[in-house]
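Here is what each chain is made of, one letter per residue.
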Amino acid sequence: LQSDPIHQLTRREKALLEALANGLTNKELGRDFDISTNTVKYHLSNLFEKLGVTSRTQAIAYYFKSR
C-alpha cells in the first residue's frame, strides 16, 4: 500500500483529486478551495506528477481505480 502514490498524497491533494473526480473545473476548484486558478493549475501539475499521469482524465481514472 505504501508504494501506491494515492496513499502518499497530502490531505489537501486527496481533497483536490476527489473534487476533480466530481467534474469541477479549475475555476470551480479555485472557488471551493479559496485559491486562484493559477494555484489550482500548479497543484494539479504536482498531483499529476505524484500519480504518474499526464491529464485530468488519467488522474480521475486513477482515483476511481484506487477506490
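Residues numbered from 1 in each chain as written. Predicted model: local features only at pLDDT ≥ 70, side-chain atom pairs only at ≥ 80, totals over all residues. Heavy atoms only, no water.

Participant: Just to check I follow, could you spell out the confidence of the model for the protein chain for this structure?
Facilitator: Detailed reading of predicted coordinates is not advised where the pLDDT is low. In the predicted model, the protein chain carries a mean pLDDT of 92, and the fraction of residues at 70 or more is 97%. Looking over the protein chain, one finds the lowest element-wise mean pLDDT in helix 4 (residues 56–66), namely 94, and the highest in helix 2 (residues 26–33), namely 97. (pLDDT = per-residue confidence, 0-100. Helix = DSSP H or I, 4+ residues; strand = E, 2+ residues; numbered from the N terminus.)

Participant: Can you help me understand helix 4 in this one?
Facilitator: An α-helix turns once every 3.6 residues. As a result, residues three or four positions apart point the same way. Residues A59, Y62 and Y63 constitute the buried set of helix 4. Buried positions in helix 4, seen along its axis, are confined to an arc of 100 degrees and lie on one side of it. Set apart from the buried face of helix 4 by more than 90 degrees, the exposed residues are T57 and K65. Next to the buried residues of helix 4 lie helix 1 (11–21) and helix 3 (37–51). (Buried < 20%, exposed > 50% of the residue type's maximum accessible area, 1.4 Å probe, protein only. Arc of directions from axis to C-beta. Contact = heavy atoms within 4.5 Å.)

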